[in-house]
Amino acid sequence: MRIIDLRNKYKSICVKNEENNSPNEEMLYEMLNKRNHNKQTNVLETVQRVITDIEEDGDAALLKYTLDFDKVALTSETMKVSEKEIKAAYDEITPELLSIIKKAADNIRGFHSKQKPQTWLDTDREGIILGQKITPLEIVGIYVPGGTAPLPSSVLMNAIPAKVAGVERIIMCTPPGQDGKINSAILVAANEAGVNSIYKAGGAQAIAAMAIGTKTIPKVDKVTGPGNIYVATAKKLVYGYCDIDMIAGPSEVMVIADQSADARYVAADLLSQAEHDLLASAILVTTEEELAYKVEAQVNEQLKELPRAEISQKAILDFGAIVLVDEIKDAVNIANRVAPEHLELCVENPFDTMTGVKNAGAIFLGNYSPEPLGDYYAGPNHVLPTSGSARFFSPLTTADFTKCSSIIYYTREALKEVNTDIIKFAEAETLDAHAN
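Here we look at helix α12 (residues 309-319)
Link 1 in the chain: Every buried residue of α12 is accounted for by Ala309, Ser312, Ala315, Ile316 and Phe319. One face of α12 carries all of its buried residues, which in axial projection span an arc of 140°.
Link 2 in the chain: Residues of α12 that are buried sit in contact with α1 (25-33), α10 (263-274), β10 (281-286), α11 (289-303) and β11 (320-324).

So this is what it looks like as structure tokens:
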């Protein structure tokens, strides 16, 4: 990992593998910004063509793309996962995994139940009732990626908040394997979370199908869930056909650590994000020079044992760093500028340190709250803002699956008290019909 020394007294730990040996904070931000410049000129054009094809040809286009990209020949009937397939999935996973999925689902359900927004009315002024009416969305579509790592946790994190919010119908799209099947853990998680219908469809075509609707896949009010650059681009383009959760970028973790941190734990957490994909970022910001070297050694050692070592190592080399600072408050300042998806505070007083954090998707406090705890089990949502968007975005919540209608009621007497004000306001905008 490159090590950047930002302390007042620059020592020999300058930036490794860089021509510029003058360490400065901007190097860190430039490194992270490179992840956002991974533009593929053909992506936008390709995704727009997919959306147009789905809009014009519906199921036929969806089935064609499934054959082209996933190498699976389906029909409109076999595209939908059957009850028999779901039952078989329960037989294929271990009782232990089923128990863990149920426990995680309970934790996620409990946490999100506390977020549920409520309808309210204000009757403080005589003759006036104001308020807001909360209504759950009617139908929501969840996307779960395929690829090399099945993600049943993503099913739980997207479907359960929707269910808690009161969404009547939840559908899910996920790409089939070349055997035409869906991962068993994903099917079980979907069933446990209350998903009503599951379809074997992936990529931009699945996003378009849910947003626009086909004969087989219903049009939804909102699409949520992660995916690759084609999925992310499709979500961006279909916004307006329906709502979306957010445009998710590559995963990232920042660990702030002092002398209380364990180098093995820190390295393990850095690698837990690095293994996601080649653009994942893992950064340690610490006041301890000795810890910096120990973590670097541990990262190299633990890499040897990881099945996804090639991905992790590339991500660490390109977008990983260890940053040395004078004080923890300097580390917090860096975190606030980076606005990481996951922020771990492996320090002696994490609750005190947390008060200075302004920008982070999820904050993990102490040395025994590792990032995977949030990914799978604790309860808070793991659908988090990435690429610095934690400056203005929040994690996925129950409220994301509801909508708000304003309520306004005036009696004749109450309106009579303010009618002149309203007329004059309308006339100031030259809107005579409003005044009338």
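Focus: the sheet that holds strand β6 (residues 197-200)
Link 1 in the chain: Strand order across the open sheet formed by 5 strands is β6-β5-β4-β7-β8, with parallel pairing between neighbours. Each edge of the open sheet carries a strand with a single partner, namely β6 and β8 (243-244).
Link 2 in the chain: Summarising the sheet, strand β4 (residues 139-143) and strand β7 (residues 222-224) pair through 3 bridges and their orientation is parallel. Across the sheet, residue valine 140 finds its bridge partner in β7, namely lysine 222.

Re the side chain of glutamate 344
Link 1 in the chain: Tracing the chain through its elements places glutamate 344 in strand β12 (residues 342-346).
Link 2 in the chain: It is arginine 264 that comes nearest to the buried, bridge-free glutamate 344 among opposite-charge side chains, at 14 Å.
Link 3 in the chain: Among the polar contacts listed, one links the side chain of glutamate 344 to the backbone nitrogen of glutamate 371, at a separation of 3.3 Å.
Link 4 in the chain: Beyond its immediate stretch of four places on either side in the chain, glutamate 344 contacts Val253, Met254, Val255, Ile256, Asp269, Phe364, Pro370 and Glu371.

Considerations on the nonpolar core
Link 1 in the chain: Counting residues in hydrophobic clusters, the biggest one holds 37 residues, and the most contacted among them are Leu156, Met172 and Ile198.
Link 2 in the chain: Of all the secondary structure elements, the ones that give two or more residues to this core are α4 (83-92), α5 (95-113), β4, α6 (152-165), β5 (169-174) and α7 (184-193).
Link 3 in the chain: Examining the composition of this core, we find that 8 residues originate from one element, α6, more than from any other.
Link 4 in the chain: Each residue touching leucine 156, except ones within four places of it in the same chain, is listed here: Ile101, Ala104, Ala105, Ile108, Pro161, Ala189 and Ala193.

Considerations on the packing of aromatic side chains
Link 1 in the chain: For the coordinates displayed, the defined rule picks out 3 aromatic pairs.
Link 2 in the chain: Aromatic side chains tyrosine 65 and phenylalanine 69 sit 5.5 Å apart centroid to centroid with 15° between the ring planes, which places their arrangement in the stacked category. With a gap of 4 residues between them, tyrosine 65 and phenylalanine 69 both fall in helix α3 (residues 59-70), about one helical turn apart.
Link 3 in the chain: Between tyrosine 265 and tyrosine 368, the aromatic rings sit 6.3 Å apart at their centres with planes inclined by 65°, giving edge-to-face as the arrangement. Placement of tyrosine 265 in helix α10 and of tyrosine 368 in the loop between β13 (362-365) and α15 (371-376) is noted, with a sequence separation of 103 residues between them.
Link 4 in the chain: Among the residues examined, tyrosine 368 registers a relative accessible area of 69% and is labelled exposed.
Link 5 in the chain: When the ring centre of tyrosine 65 is taken as origin, the NZ or CZ atom of lysine 64, which lies over that ring, is 5.4 Å away.

What counts and how
- Residues numbered from 1 in each chain as written.
- Predicted model: local features only at pLDDT ≥ 70, side-chain atom pairs only at ≥ 80, totals over all residues.
- Heavy atoms only, no water.
- Buried < 20%, exposed > 50% of the residue type's maximum accessible area, 1.4 Å probe, protein only.
- Helix = DSSP H or I, 4+ residues; strand = E, 2+ residues; numbered from the N terminus.
- Arc of directions from axis to C-beta.
- Contact = heavy atoms within 4.5 Å.
- Pairing = 2+ DSSP bridges.
- Lys, Arg positive; Asp, Glu negative; His and termini not counted.
- Salt bridge = Lys/Arg side-chain N within 4 Å of Asp/Glu carboxyl O.
- Polar contact = N/O pair within 3.5 Å; in protein donor to acceptor, adjacent residues only side chain to side chain.
- Core = buried A, V, L, I, M, F, W, Y, C linked by side-chain atoms within 4.5 Å.
- Phe/Tyr/Trp six-rings, centres within 6.5 Å; stacked < 30°, edge-to-face > 60°.
- Lys NZ or Arg CZ within 6 Å of the ring centre and 35° of its normal.

Bear in mind that shape data such as this cannot, by itself, settle questions of function.
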